[in-house]
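The chain contents come next:
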Amino acid sequence: MTDLHRLSIRELSEGLAGAKFSSRELTEHYLKRIEKIDAQVKSYVTVTAEQALAQADAADAAIKAGTASVLTGVPIAHKDIFCTQGIKTTAGSKMLDNFISPYDATVVAKGKAAGLVTLGKVNMDEFAMGSTSENSYYGATANPWNLSHVPGGSSGGSAAAVAADLAPFATGTDTGGSIRQPASFCGLTGLKPTYGRVSRFGMIAYASSLDQGGPMARSAEDCAYLMNVMAGHDAKDSTSVEKNIDNYVANLNGTSVKGLRIGIPKQYFNVAGLDADVKARVEESLKKLEEMGATLVEIDLTMTDAYVPTYYLIAPAEASSNLQRFDGVRYGYRAENPVDLMDLYKRSRSEGFGKEVQQRILIGTYALSAGYYDAYYVKAQKVRRLIQQDFLKAFESVDVIAAPAAPTTAYKIGANLSPVEMYLGDIYTIAVNLAGLPAINAPVGFDKDNLPVGLQLIGNYWSESQLLSVVHQYQQATDWHTKRAAIAEENA
Ligand code: GLN
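Being a predicted model, the structure only gives us computed values, none of them experimental.

Here is what the cut-offs are and how they apply
Residues numbered from 1 in each chain as written. Predicted model: local features only at pLDDT ≥ 70, side-chain atom pairs only at ≥ 80, totals over all residues. Heavy atoms only, no water. UniProt positions renumbered as here; feature names shortened; annotations may be inferred. Helix = DSSP H or I, 4+ residues; strand = E, 2+ residues; numbered from the N terminus. Contact = heavy atoms within 4.5 Å. Polar contact = N/O pair within 3.5 Å; in protein donor to acceptor, adjacent residues only side chain to side chain. Buried < 20%, exposed > 50% of the residue type's maximum accessible area, 1.4 Å probe, protein only. Near = heavy atom within 4 Å. Areas by Shrake-Rupley, 256 points an atom, 1.4 Å probe, with all protein chains shown as cover. Nonpolar A, V, L, I, M, F, W, Y, C, P; charged D, E, K, R; others polar. Phe/Tyr/Trp six-rings, centres within 6.5 Å; stacked < 30°, edge-to-face > 60°. Lys NZ or Arg CZ within 6 Å of the ring centre and 35° of its normal.

Undergrad: Help me get a handle on the UniProt feature "active site" (unreviewed entry) in the protein chain, residues and values and all.
TA: In this numbering, the UniProt entry assigns the feature "active site" (unreviewed entry) to Lys-79, Ser-154 and Ser-178. A stretch of 100 residues holds the annotated residues, and the largest C-alpha distance among them is 11.0 Å, short enough that they meet in one place. Relative to the elements of secondary structure, Ser-154 occurs in the loop between strand E3 (117-122) and helix H5 (156-163). The contacts of Ser-154, once residues within four sequence positions are left out, are Lys-79, Asn-123, Met-124, Asp-125, Ala-128, Met-129, Gly-130, Ser-133 and Ser-178. With respect to the helices, strands and loops of the structure, Ser-178 is situated in the loop between strand E4 (169-173) and helix H6 (180-185). When neighbours within four sequence positions are excluded, Ser-178 is seen to be in contact with Lys-79, Ala-128, Gly-130, Gly-153, Ser-154, Ser-155 and Thr-173. Only 2.7 Å separates the side chain of Ser-178 from the backbone nitrogen of Ser-154, close enough to count as a polar contact.

Pasting the structure below:
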């Protein structure tokens, strides 16, 4: 079959179980496409062909023996922030260019246990800090819809790989939008789960109170399959929550759009810098949901102006603390010929970290230092609570909240926005992380340059099933999620 890369996860699962094709054929098909096309997209940092083929053979044996589960033999790409035993894990940083983890992240281990075949590790902004994937030590990844544009970030490699049909789905992480914004820029569906839903064990930390892993795929249905693998309590992550997980696939039709109350925050649609095409596409998608039976309710989210300053204090503060461990002594990059210990620390960190990461470490260290701690960090934590309360109040009268995922479509590679311009682009995603809520992006059309636009739906705590279900039904009634970038049409 030449079009294996067109199949959905359900079709792949059924095809493998029905012996229409083997996992080896499927894996070879994807590896060939990566070899042919990824020189243009540059989504993979590491391709693990040999291991993938061995996993595929084991999957085929399990399918023959009748011991396979639903995803046995299906390929996946992992964001290079998830530790993989025996395979390089870089987090997009020179600091970890030589790092081989002695263990698997829980998400990776669960994927292996489910029979998934790892194609490789995909590119990202260094330590997940950024919105373009240009902050990677390994260079920029291209947006499959237009190769001179970015795929978004920080999970840009995950988004680009799926949008170019170089993986059927991928893992991502979202600290302030890094699943939803690249999904939006690349025309994909991406789910940021409730904080605590997916284990952070073995996921290299950026801002621990905000970080959360989740699925990126073409449709809500595909995401649901991956959520079934990723979600669940993990004793190795003390913030992962002991709570029954849903069967996200079985629940895809579990929420009726009829009668669904969708909150429209009036502050969100008057943000300066909201692109007219983005606004129009999002409004059209809401109209469609209204036709399907939802009610649109105007709501107030009064703390909107506080999102960016609050996030850009808390996230760098936690980052500065988390990234202390990269000191050139234990692991990671070490400067050559240090004259003394201080020189070793200083040069390892200034040579090993890129500019954006250094900037955030400096901001975070400042905000946490004696004399400024109360004025900045403690104050930001108080505002964080108010932002959470704002959402909880809104959820008293609505079921989900709608927003764009980002104010614009994908930037041009090399656009070189100032940090403040870049940070303002996170306005629609970061509050969700500050509150710990789940949210999903769904593709809802294109701008005048044929770049994808995304609709974000924010849910109350633990409402992943509901979000997936609403988007699934929207996707049954529309075909935006079936559109493919030109490069994805190419056959290997
Ligand atoms: N763009 C945001 C940042 O740079 C979010 C990144 C993320 O979610 N990892 O921090």
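Undergrad: Residue-level account of unusual backbone geometry, with values.
TA: Cis rather than trans, the peptide bond between Gly-153 and Ser-154 has omega equal to 5°. The phi dihedral of Lys-42 is positive, around 60°, even though this residue is not glycine. With respect to the helices and strands, the residue Lys-42 is situated in the loop between helix H2 (23-41) and strand E1 (44-47). Judged by relative accessible area, Lys-42 falls into the partly exposed class, the value being 43%.

Undergrad: Explain the site of the ligand to me, using residue names and the numbers behind them.
TA: The immediate surroundings of the ligand are formed by 15 residues, with Ala-128, Gly-176, Ser-178, Tyr-206 and Tyr-311 found nearest. Gly-177 is positioned such that a nitrogen or oxygen atom in its backbone is 3.2 Å from an oxygen atom of the ligand. Taking Asp-426, its side chain carries an N or O atom lying 3.1 Å from a nitrogen atom of the ligand. Surface burial for the ligand is 99%, taken as the share of its 290 Å² of free accessible area covered by protein chains. Residues of the shell around the ligand, tallied by class, amount to 5 nonpolar, 7 polar and 3 charged.

Undergrad: Go over the packing of aromatic side chains, please, and point to the residues and values.
TA: Per the counting criterion, the structure on display carries 18 aromatic pairs. With centroids separated by 5.6 Å and ring planes inclined at 85°, the aromatic side chains of Phe-185 and Tyr-411 adopt a geometry described as edge-to-face. Taken as a pair, Phe-185 in helix H6 and Tyr-411 in the loop between strand E9 (400-404) and helix H13 (419-424) lie far apart in primary sequence, 226 residues in all. Looking at Phe-185, the relative accessible area reads 0%, which means it is buried. Arranged with centres 6.2 Å apart and planes meeting at 90°, the rings of Tyr-268 and Tyr-307 form a pair that is edge-to-face. Residue Tyr-268 is located in the loop between strand E7 (261-265) and helix H8 (276-291), and its partner Tyr-307 is located in helix H9 (residues 307-322); the two are separated by 39 residues in the primary sequence. Residue classification places Tyr-307 among the buried positions, given a relative accessible area of 0%. Site record: aromatic cluster; members linked through ring pairs are Phe-99, Phe-127, Phe-326, Tyr-331 and Phe-353. The ring of Tyr-333 has Lys-94 sitting right over it, with the charged end atom 4.8 Å from the ring centre.

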